[in-house]
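Understanding the architecture of this molecule
Single-letter residue listing:
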Amino acid sequence: MFLRDNPESFLTGDDPFVPMSILEADNRRIDGEFVFGPEHEGFIGIPHGGLAMGLCLDAWRRLPGSSYPVEVRFRFGGSGVSIGDAVHFSVERDPDGPTGRLTTRITKEGDKTPYLRADIGTAATAHPDVAPPPSSEPRALPYYRNCFVCGHHRTVVGLQRRFRTHLADGASVTSEWAFAAEDVDRAANFLIGGEELHPAVLTAIFDENTAWAGFMQTRMCGLSVRTDMTILRPVSKTEPLLFHGLPVGTRGNPRKPRFFLAEGAIFSMKDPARPEPVAYGSGEWVVLDQYTQQIKQNLLPENDWEWIFGEDD
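Summarised in this report is the structure supplied together with it. (Residues numbered from 1 in each chain as written. Predicted model: local features only at pLDDT ≥ 70, side-chain atom pairs only at ≥ 80, totals over all residues. Heavy atoms only, no water.)

1. A look at the overall build of the protein chain
Secondary structure assignment for the protein chain yields four helices and 15 strands. Radius of gyration (C-alpha) of the protein chain: 19 Å, near the 20 Å computed for a compact globule of 313 residues. By its C-alpha atoms, the protein chain is 60 × 45 × 40 Å across when sized along the principal axes. Going through the 313 residues of the protein chain one by one, you find that 54% of them count as buried. Long-range pairs, those at least 24 residues apart, make up 70% of the contacts in the protein chain with a sequence separation of at least 6. Summing over all exposed atoms, the protein chain offers an accessible surface of approximately 13,700 Å²; the carbon and sulfur share of this is 46%. (Helix = DSSP H or I, 4+ residues; strand = E, 2+ residues; numbered from the N terminus. Rg over C-alpha atoms; globule rule 2.2 N^0.38 Å. Buried < 20%, exposed > 50% of the residue type's maximum accessible area, 1.4 Å probe, protein only. Contact = heavy atoms within 4.5 Å. Areas by Shrake-Rupley, 256 points an atom, 1.4 Å probe, with all protein chains shown as cover.)

In structure tokens, the structure reads:
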């Protein structure tokens, strides 16, 4: 098998958050299978796309020759995946291609098109051109009960984020990580090795934070279609991070868009006077009314969504 073993990874190590069975492995390809469980949930009934993205980067970090900065193109497709579905996970490298490049696929059993494909490789250059963090006062957004990222009433460990919208800054959205001691303690559950925070934490919060930004522009929920992301360096578990997302437009009928687009960045706030970008990217989400209705019925605190839709008068 061409990937190194990493017993310390919270996702795939000795006590894996995603238990996986390896079916076949050689010096070019690895095939495994696993089942998405309730602990992996995002929207109710489906896995969190940002966690699946992190699983792909977990494989890349185990590849000899991989190094930061890393750029990755995530593409979602297939018939969709639900909690309880068995999926196939493949990791493939081109023996004749550049060192440190991988293609990973997560495919639901019976599907031909992957639920998620990721093309990952060391970035040749990285020149972040990102908007600075907002300065206006935020308003807290509601949250789910069991979501891996924003769930506050889970029976298993989760990230427990609370997202905030800055209405005076173009409805941008932010979320903090490791600003409080309890987050640093929580981070010990989400490492990839030593003191390094697992990239799945970055992809999962980035995905949801940036999606919230698109939602605040359209007031419509969507599922990830694509995400392009560059992570510039490893992040320490004690490092305070600020996630910042901005809506950048829609596709389709302006009155009823089919897709919304958003972009974002992750800043290290070790020096609050000089926020340092450690990751940035952009994405596209397909609007699905069933999830807009789902948040109205399930977000907490109850009825805290009403002000978003102008229904609190």
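2. Re the side chain of glutamate 239
Position of glutamate 239 relative to the elements: it lies in the loop between β12 (222-231) and β13 (241-253). There is a polar contact of 2.4 Å between the side chain of glutamate 239 and the side chain of arginine 233. Engagement of the side chain of glutamate 239 in a polar contact is seen with the backbone nitrogen of serine 236, the distance being 3.1 Å. If near-sequence neighbours (up to four positions away) are discounted, glutamate 239 is found in contact with Trp177, Ala178, Arg233, Ser268 and Lys270. (Polar contact = N/O pair within 3.5 Å; in protein donor to acceptor, adjacent residues only side chain to side chain.)

3. Side note on the packing of aromatic side chains
The tally for this structure, following the rule as stated, stands at 14 aromatic pairs. Where tryptophan 212 meets phenylalanine 215, the ring centres are 5.2 Å apart and the plane angle is 85°; that geometry is what we call edge-to-face. Of this pair, tryptophan 212 and phenylalanine 215 both sit in helix α3 (residues 199-218), separated by three residues, roughly a single helical turn. You'll find tryptophan 212 and phenylalanine 215 in the same group, each marked buried. Grouping aromatic residues by their ring pairs yields a cluster made of Phe10, Phe17, Phe148 and Phe190. Between the NZ or CZ atom of arginine 251 and the centre of the ring of phenylalanine 259, over which it lies, the distance is 4.3 Å. Sitting over the face of the ring of phenylalanine 259, arginine 258 holds its NZ or CZ atom 5.8 Å from the ring centroid. (Phe/Tyr/Trp six-rings, centres within 6.5 Å; stacked < 30°, edge-to-face > 60°. Lys NZ or Arg CZ within 6 Å of the ring centre and 35° of its normal.)

4. Looking at the nonpolar core
If you look at the biggest cluster of nonpolar residues, it comprises 83 residues, and the most contacted ones within it are Ile106 and Trp177. Take this core: its biggest share by element is 11 residues, from α3. Core analysis: the second largest hydrophobic core is formed by six residues, Leu242, Phe267, Met269 and Tyr280 among them. (Core = buried A, V, L, I, M, F, W, Y, C linked by side-chain atoms within 4.5 Å.)

5. Considerations on α3
Relative to the 28 Å expected for 20 residues at 1.5 Å per residue, α3 spans 29 Å between its end C-alpha atoms, a close match to the ideal helical length. Most of α3 is tucked away: 19 of the 20 residues are buried. Positive backbone phi, at 60°, marks arginine 219, one or two positions downstream of α3. (Expected span 1.5 Å × (residues − 1).)

6. Quick notes on the pattern of salt bridges
Side chains that differ in charge, positive against negative, can pair when their charged atoms come close. Tallied over the entire structure, the rule returns 17 salt bridges. The shortest N-O distance in the salt bridge between arginine 164 and glutamate 176 comes to 3.8 Å. Within this pair, whereas arginine 164 is found in strand β8 (residues 164-166), its partner glutamate 176 is found in strand β9 (residues 172-177), the two being separated by 12 residues in sequence. Taking the relative accessible area as the measure of exposure, arginine 164 reaches 18% and is therefore buried. It is possible to trace a salt-bridge network through shared partners that takes in Arg28, Arg29, Asp31, Glu92 and Arg105. (Salt bridge = Lys/Arg side-chain N within 4 Å of Asp/Glu carboxyl O.)

7. Topic: a negative patch on the surface
Side chains of Asp5, Glu8, Asp14 and Asp15 sit close together on the surface and give a patch of like negative charge. Note that aspartate 14 resides in the segment before β1 (21-25). Aspartate 14 sits in the exposed class, given a relative accessible area of 64%. (Patch = residues over 30% accessible without salt bridge, like charges linked within 9 Å, V, L, I, M, F, W, Y side chains within 5 Å. Lys, Arg positive; Asp, Glu negative; His and termini not counted. Charge placed at Lys NZ, Arg CZ, Asp CG, Glu CD.)

8. Points about the side chain of serine 268
Relative to the helices and strands, serine 268 resides in strand β14 (residues 256-268). Among the polar contacts made by the side chain of serine 268, one reaches the side chain of glutamate 239 at a distance of 2.7 Å.

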